[in-house]
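Architecture at a glance
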Amino acid sequence: MPFTPSPNIAQLKESATIAVSARARALKAAGRQVIDLGAGEPDFDTPAFIRQAAQRAIEAGATRYTATEGILPLREAIAAHANAVYRGSDPVRPADIVVSTGSKQSLFNACFVLFGADDEVLVPTPGWTSYYEMVALAKAVPVPVFGARSRGLKVTAAELAAAATPRTRGVMLNSPCNPTGAVYSAEELRDILALAADRGWWVISDEIYLHIAYDAPATSVLSLVQDRERLIVINGVAKSYAMTGWRIGWAIAPRAVAAAMTALQSHTTSNPAAVSQHAAVAALTDTPAAQAAITEMVRQFKMRRDAAMTVLDAAGVQYVRPEGAFYLYINVGGDGAAFATRLLDSAGIAVVPGSAFLTPEWVRVSYAAPIEHVVEGVQRLVAAL
Ligand code: PLP
C-alpha cells in the first residue's frame with residue numbers, strides 16, 4: 001500500500017533552507033567544488049570555555065534525564081539575562097521559562113499551545129520559512145504581511161492592522177530578521193507592541209539573532225514592555241554562541257503558557273540534552289568569556305558583510321542593507337528559485353531561494369562562511385545576474 005500522508009502533514013513542505021544545505025553537501029560528496037552560502041549556521045567552533053564546561057558536566061554525571069522544562073541553573077541564568085533588560089511589574093522567574101531542543105522547538109511549542117483551528121497569525125514577510133509551517137501545523141492560518149522595500153522589507157504597525165481580521169490571534173516578530181538582516185528600531189517595535197496590546201494579540205518575539213547586530217545593539221521587546229501577559233520571547237544559544245549542534249533554545253512566557261508548553265514537551269521530547277544544558281549554563285554565566293567570543297564573531301561577520309556589500313554596491317545590485325543576523329537578501333528581478341538552481345549547478349554557489357520566505361524574486365545569501373568564500377560567492381552571483 002502506498003503511503004498516504006495524514007492530513008496533519010498533507011500541506012507540509014521540507015525546510016527549504018535545510019534542503020539547500022543538503023543539496024550542496026551532496027554535490028560536494030560527488031566531488032564538485034561548492035561554496036555553501038545557504039546555511040544559517042555560524043562557521044565558528046563553539047568557544048573552548050563552553051566545550052570544556054560540557055566535558056566537566058559529562059564527567060560529573062550529567063547523563064540522565066533532567067526536569068522536562070530544563071535544569072534550574074539554566075533557567076535562573078536565562079531569567080537573569082531577561083531581567084537585566086525587563087523592568088516591568090512581573091520579573092521573569094525560572095517558572096516562566098521552558099528550555100527546549102533548540103529555539104525551533106520552542107517556537108513550535110508556543111504556536112501549538114497558543115493557536116488553533118481558524119485562528120489567524122500575522123507573519124511579517126519575508127519571514128523565516130518555519131513560521132508559516134508551524135502556524136499551519138497548529139491548524140491556524142499564517143497570514144503573510146509584506147514589508148515595503150523602502151523600509152528594508154520591515155512591516156509597520158499600520159500594515160499589520162490592515163491585515164488583521166476578527167480572527168487574528170497573534171503576530172510573529174523576528175528582529176534581527178532572517179532572511180533580510182533587517183533590525184526593527186525600538187520605536188517600530190513599540191508601535192507594533194502597542195497595537196498587539198490594544199487588540200489582545202499574542203506576540204511571539206524570536207530574538208535568536210539579538211546579539212548579532214552591527215551598527216547599533218538590537219532591541220529586545222522585553223526592554224519595551226511593562227507587562228508580559230501576552231508575550232512569548234524566544235531565544236537560544238545556537239547563533240550567538242556558535243552552538244547550533246547542541247540544540248538548546250527557550251521560551252520566556254506567562255506562567256500558565258510555560259506550564260502548557262512543558263506539558264506538551266513532556267509528551268514529545270522530554271528534556272533537552274542534559275550535557276547541552278550545562279554547556280548553555282556556561283555560555284550564559286561566564287560573562288567575560290562569552291562577551292569576548294561574541295564580540296569577535298560579530299566583528300568577523302561584519303567584515304564579511306561589508307566586503308559583500310562592496311561587491312554588490314559596485315554592481316548596483318538591489319538588496320536589503322543588513323544591520324544584524326548574517327544574511328544578505330538580494331533581489332534577482334525574476335524567479336529566485338530558478339536563479340538559485342542555476343547558480344548552484346553552473347557556478348557552484350549555494351544560496352536559498354526567496355520563495356522559502358514567500359518572496360520569490362529574492363535569494364538569501366548567508367555570510368556565515370570564510371570571507372574569501374563570501375566575496376567569491378557574491379562575485380559569481382553578480383556575474384550570474
Ligand atoms: N529562528 C530563526 C529566525 C532562525 O533563523 C533559526 C535557525 O535558522 C531558528 C529560529 C532556530 O534556531 P535553533 O537552532 O535554536 O533551533
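Residues numbered from 1 in each chain as written. Predicted model: local features only at pLDDT ≥ 70, side-chain atom pairs only at ≥ 80, totals over all residues. Heavy atoms only, no water.

**Overview of the pairing of strand β5 (residues 168-174)**
Going by this rule: For each residue, the accessible area found with a 1.4 Å probe, counting protein chains only, is set against the maximum for its type, and the residue is called buried under 20%, exposed over 50%, and partly exposed in between. Labels follow the DSSP assignment, with helices taken as runs of H or I lasting at least four residues and strands as runs of E lasting at least two, numbered in each case from the N terminus. Pairing between two strands is assigned when DSSP locates at least 2 bridges connecting them. Think of it like this: strands point away, you trace from the first strand over the helix to the second, and a clockwise trace means the crossover is right-handed.
Across the seven residues of β5, six count as buried, placing the element largely inside the fold. Note that strand β3 (residues 120-125) and β5 share three bridges and pair parallel. When the bridges of β5 are listed, Leu 122 appears paired with Val 171. Regarding the hand of the β-α-β motif, the stretch spanning β5, helix α7 (residues 186-199) and strand β6 (residues 202-206) is right-handed.

**A word on helix α5 (residues 129-137)**
This is how the line gets drawn: When checking whether two residues touch, look at their non-hydrogen atoms; a contact exists if any pair is within 4.5 Å.
Counting buried residues along α5, seven of its nine residues qualify, which places the element largely inside the surrounding structure. For α5, the secondary structure elements touched by its buried residues are α1 (16-29), α4 (103-114), β3, β4 (141-146), β5 and β6. One or two residues past the end of α5 sits Lys 139, with phi positive at roughly 70 degrees.

**Remarks on the packing of aromatic side chains**
To keep things clear, this is the line we draw: The criterion for an aromatic pair is that two Phe, Tyr or Trp rings (for Trp, the six-membered ring) have centres within 6.5 Å, with stacked assigned to planes under 30 degrees apart, edge-to-face to planes over 60 apart and tilted to the rest.
This structure, assessed with the given rule, holds 10 aromatic pairs. With a centroid separation of 5.4 Å and 80 degrees between ring planes, the pair formed by Trp 128 and Tyr 131 is classed as edge-to-face. Look at Trp 128 and you get buried, because its relative accessible area is 14%. Tyr 131 sits in the buried class, given a relative accessible area of 2%. Ring centres 5.9 Å apart and planes at 80 degrees place the aromatic pair Tyr 329 and Phe 357 in the edge-to-face group. Placement of the pair is Tyr 329 in strand β10 (residues 327-331) and Phe 357 in the loop between β12 (352-353) and β13 (362-366), with a sequence separation of 28 residues. You can call Tyr 329 buried: its relative accessible area is 0%. Each residue in the set Phe 44, Tyr 209, Phe 301, Phe 326 and Tyr 327 is aromatic and connected to the rest through ring pairs, giving one cluster.

**Concerning the sheet that holds β13**
Read from one edge of the open sheet, four strands run β9-β10-β13-β12, paired in antiparallel fashion. The sheet terminates laterally at β9 (319-320) and β12, the two strands that pair on one side only. Across two bridges, β12 lies against β13 in antiparallel orientation. The residue of β13 that forms the bridge with Pro 353 is Val 363.

**Some points on the site of the ligand**
As a reminder, the rule being used: Being near a molecule or strand, for a residue, comes down to having at least one heavy atom within 4 Å of it. We get accessible surface area from the Shrake-Rupley algorithm with a probe of 1.4 Å; when it comes to residues, only the shown protein chains can shield them. Residue classes follow a fixed rule: Ala, Val, Leu, Ile, Met, Phe, Trp, Tyr, Cys and Pro count as nonpolar, while Asp, Glu, Lys and Arg count as charged, and any other residue, Gly among them, counts as polar.
For the ligand, the set of nearby residues contains 14 residues, the closest of which are Asn 178, Asp 206, Tyr 209, Lys 239 and Arg 247. Isolated, the ligand exposes 400 Å² of accessible area, and the fraction of that covered by the protein chains is 92%. Residues belonging to the shell around the ligand are distributed by class as follows: six nonpolar, four polar and four charged.

**Thoughts on the domain arrangement of the chain**
Reports of interface size often rely on the accessible area that becomes lost once the parts have come together. For clarity, the cut-off: Residue ranges labeled as domains rest on an automatic or database domain assignment. Buried area is understood as the total, over both parts, of accessible area removed when two parts are fitted together, assessed with a 1.4 Å probe. Here, a salt bridge means any Lys or Arg side-chain nitrogen found within 4 Å of an Asp or Glu carboxyl oxygen.
For the chain, the assigned domains read domain 1 (16-45 + 289-384) and domain 2 (64-285). For domain 1 and domain 2, the distance between their C-alpha centres works out to 25 Å. Listed by partner, the interface residues are 34 residues for domain 1 and 33 residues for domain 2. Summed over both partners, the interface of domain 1 with domain 2 buries about 2,600 Å², with 62% contributed by carbon and sulfur atoms. When residues of domain 1 are sorted by the area they lose upon contact with domain 2, Glu 323, Phe 357 and Leu 358 head the list and together hold 21% of the total. On inspection of domain 1 and its partner domain 2, the count reaches two salt bridges. Across the salt bridge formed by Asp 215 and Arg 321, the nearest N and O atoms sit 2.9 Å from each other. Among the elements of the structure, α1, α10 (287-315), β10 and β13 are those that each provide at least two residues to the side of domain 1 that touches domain 2. Top contributing element to the side of domain 1 that touches domain 2 by residue count: α10, with seven residues. Classifying every residue of the side of domain 1 that touches domain 2 by side-chain character gives 20 nonpolar, six polar and eight charged.

**Examining helix α2 (residues 48-59)**
Heads up, the rule is: Take the number of residues in a helix, subtract one, and multiply by 1.5 Å to get its expected span. In this description, one arc is meant: the one made by directions from the helix axis to the C-beta atoms.
Across its 12 residues, α2 extends 17 Å between first and last C-alpha, which sits within 8% of the 16 Å expected from 1.5 Å per residue. Within α2 the residues assigned to the buried category are Phe 49, Ile 50, Ala 53, Ala 54 and Ala 57. Buried residues of α2 fall within an arc of 140 degrees about the axis and therefore sit on the same side. Residues of α2 that are exposed and point more than 90 degrees away from the buried face comprise Gln 55, Arg 56 and Glu 59.

**Concerning the environment of Pro 126**
Along the chain, Pro 126 falls in the loop between β3 and α5. Given the relative accessible area of 3%, Pro 126 is considered buried. Considered as a pair, Pro 126 and Val 141 are 15 residues apart in the sequence and their alpha carbons are 16 Å apart. Other than its neighbours up to four places away in sequence, Pro 126 contacts Tyr 132, Leu 153, Cys 177, Pro 179, Thr 180, Tyr 329, Phe 357 and Thr 359.

**Brief notes about the environment of Leu 358**
Residue placement: Leu 358 occurs in the loop between β12 and β13. Taking the relative accessible area as the measure of exposure, Leu 358 reaches 34% and is therefore partly exposed. Residues Leu 358 and Pro 126, spaced 232 residues apart in sequence, show a C-alpha to C-alpha distance of 5.9 Å. When sequence neighbours within four positions are dropped, the list of residues in contact with Leu 358 reads Thr 125, Tyr 132, Pro 144 and Phe 146.

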